Amino acid sequence: MKYRAPLLFFFFCTLFAQAQGTLPPTFFEGKSVVLVSNDPGAKPSLTWQVLADSMHSDLVRAGGDPAAYYELEQVALSAERQAEYAKAFLQRQIQNIILITRQKEQTSIHVGKFSGDGKLITEANLFGVSGKDWKTAGQQFAGYGGTTPTKNLLVPDLAEFPVLVAQTAGSSAQKFISRNPLNLEVFRLGIPLEGTSAVTGPINTFRYGAYGKSGEVVLAEQSAQKKGLEEIFSSTYPHEVAWMVEAKSDPQLIADRIQFVLVKVEGRQADLMKSMGLEPLTGEEGSKTVVKYYIRFLVREELYLGPVWDAHPDWRIALKQFLDNLKK
């Protein structure tokens with residue numbers, strides 16, 4: 001069994017002041033998947049793959065076994081995509097999720113136990129360290145984990161970027177339907193509010209554009225979002241809606257006359273289209289970050305994209321276009 005030598009006392013004082021929580025025991029005795037969210041505006045400019053390569057040795061020195069690296073934004077495209085990755089992680093006997101969030105002013109590393117389902121982690125309150133840049137954060141993380149014996153001996157020397165085998169029978173792409181659902185006038189349309197447990201889950205907390213926001217900022221954004229949604233729905237959608245601020249099971253929603261749920265996803269346009277089984281746009285249009293709405297039909301687990309592709313960088317325009325297309 002390997003053991004990492006303890007560091008100097010004054011270094012620990014600084015380190016523990018920035019560490020939150022405790023590393024899960026499974027970190028030292030099982031494989032981890034690393035999800036990387038890299039702000040393209042951070043300096044010096046690095047791709048997420050280069051960032052992963054650069055920090056791999058720090059994760060290993062901490063005692064971990066980082067078996068695979070993925071871009072967080074790719075994994076978190078939708079609840080359906082997260083469920084696909086969760087199945088792949090179960091097959092590889094993954095036990096932990098490591099999240100690297102690189103922003104303009106800091107880099108953070110968090111670790112949580114793999115939940116075994118599409119949420120990937122059970123909560124956003126995870127062990128974590130932060131530093132002014134990726135080098136500082138990596139050194140702190142290596143020092144913190146390096147004081148604990150590890151059973152992870154045969155670990156990869158370099159970061160690995162396996163490709164998830166998707167677009168197979170039964171994958172999420174097969175469930176998307178390019179038309180409108182029927183009977184919207186009969187049942188209520190559930191609308192989850194961002195910043196609440198009704199959205200896809202805690203994994204999105206660690207995206208570079210979301211991490212570190214205060215509760216006050218989240219509440220203010222949620223309030224502004226609801227106001228904007230109400231204005232658009234009151235002028236565009238003629239049927240009944242229900243605002244969702246907490247997670248409920250599908251049977252609970254159906255019992256409450258909610259058989260349809262509005263889903264908002266955001267990501268690179270080409271990535272979104274490919275994940276939904278569509279021919280992706282290329283060039284500048286494909287690389288744009290856009291918002292796309294669709295409707296999930298709970299009873300049949302069908303996902304309705306609408307008759308035309310109506311994603312847009314501005315969520316308000318994307319929503320209005322989607323609701324307008326529901327009339328076709």
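Above this text sits the structure in question.
These numbers were taken from a predicted model, which means no experiment stands behind them.

Observations regarding the environment of Phe297
Logical step 1: With respect to the helices and strands, Phe297 occurs in strand β10 (residues 289-297).
Logical step 2: Ignoring sequence-local partners within four residues, the contact set of Phe297 consists of Gln259, Phe260, Glu302 and Tyr304.

As for the packing of helix α2 (residues 48-61) against helix α5 (residues 134-145)
Logical step 1: At a minimum axis separation of 7 Å, α2 and α5 run at an interaxial angle of 20°. Considering their axes alone, α2 and α5 lie roughly parallel with respect to each other. Once α2 is placed against α5, the crossing between them reads as right-handed. Residues Leu51, Ser54, Met55, Asp58, Leu59 and Arg61 of α2 form the contact with α5, whose participating residues are Trp134, Gly138, Gln139, Phe141 and Ala142.
Logical step 2: In terms of residue class, the contact of α2 with α5 is made up of six nonpolar, three polar and two charged.

Focus: the sheet that holds strand β11 (residues 302-304)
Logical step 1: Taking strand neighbours across the sheet as the criterion, the six strands line up as β6-β11-β10-β9-β7-β8 in an open arrangement whose pairing is mixed. On the outer flanks of this sheet lie β6 (176-177) and β8 (241-244), each paired with one strand and no other.
Logical step 2: One ladder, built from four bridges, connects strand β7 (residues 188-192) with β8; its direction is parallel. Opposite Gly190, over in β8, you have Ala242 as the bridge partner.
Logical step 3: The sheet strands contacting helix α6 (residues 215-236) are β7, β8 and β9 (258-268), and the helix crosses β8 at an angle near 170°.
Logical step 4: The sheet strands contacting helix α10 (residues 315-325) are β9, β10 and β11, and the helix crosses β10 at an angle near 40°.

Examining the pairing of strand β4 (residues 107-113)
Logical step 1: Across the seven residues that make up β4, a large majority, six, are buried.
Logical step 2: Summarising the sheet, strand β3 (residues 94-102) and β4 pair through seven bridges and their orientation is antiparallel. In the strand pairing of β4, Thr101 is matched with Ser108.
Logical step 3: In textbook terms, the turn of a hairpin is the stretch between consecutive antiparallel strands, and for β3 and β4 this stretch comprises four residues.
Logical step 4: Here β4 runs beside strand β5 (residues 127-131); their pairing, made up of five bridges, is antiparallel. Its bridge partner lying in β5, Ser108 is registered against Ser130.

So, the environment of Gln95
Logical step 1: As for its position among the elements, Gln95 is in strand β3.
Logical step 2: With relative accessibility at 29%, the residue Gln95 sits in the partly exposed group.
Logical step 3: In this structure, the C-alpha to C-alpha distance between Gln95 and Gly30, residues 65 residues apart in sequence, is 5.7 Å.
Logical step 4: Gln95 has contacts with Thr26, Glu29, Gly30, Lys31, Lys113 and Phe114, leaving out every residue within four places of it along the chain.

Some words on α5
The periodicity of an α-helix, 3.6 residues per turn, causes residues three or four places apart in sequence to face the same way.
Logical step 1: Here α5 contains 12 residues, and its C-alpha end-to-end distance of 16 Å stays within 8% of the 16 Å for a straight helix at 1.5 Å per residue.
Logical step 2: The buried count for α5 comes to nine of 12 residues, which makes it a mostly enclosed element.
Logical step 3: For α5, the complete set of buried residues consists of Trp134, Ala137, Gly138, Gln140, Phe141, Ala142, Gly143, Tyr144 and Gly145.
Logical step 4: The distance from a side-chain oxygen at the start of α5 to the backbone nitrogen of Lys135 is 3.3 Å, and the residue carrying that oxygen is Asp133.

Here we look at the environment of Gln225
Logical step 1: By the secondary structure assignment, Gln225 is in helix α6.
Logical step 2: A C-alpha to C-alpha distance of 7.8 Å links Gln225 and Leu193, two positions 32 residues apart in sequence.

Parameters at a glance
- Residues numbered from 1 in each chain as written.
- Predicted model: local features only at pLDDT ≥ 70, side-chain atom pairs only at ≥ 80, totals over all residues.
- Heavy atoms only, no water.
- Helix = DSSP H or I, 4+ residues; strand = E, 2+ residues; numbered from the N terminus.
- Contact = heavy atoms within 4.5 Å.
- Axes fitted to C-alpha atoms, helices over the stretch in contact; angles between N-to-C directions.
- Parallel < 35°, antiparallel > 145°, perpendicular 65-115°, else oblique.
- Left-handed = near helix turned anticlockwise from the far one by under 90°.
- Nonpolar A, V, L, I, M, F, W, Y, C, P; charged D, E, K, R; others polar.
- Pairing = 2+ DSSP bridges.
- Buried < 20%, exposed > 50% of the residue type's maximum accessible area, 1.4 Å probe, protein only.
- Expected span 1.5 Å × (residues − 1).
- Polar contact = N/O pair within 3.5 Å; in protein donor to acceptor, adjacent residues only side chain to side chain.

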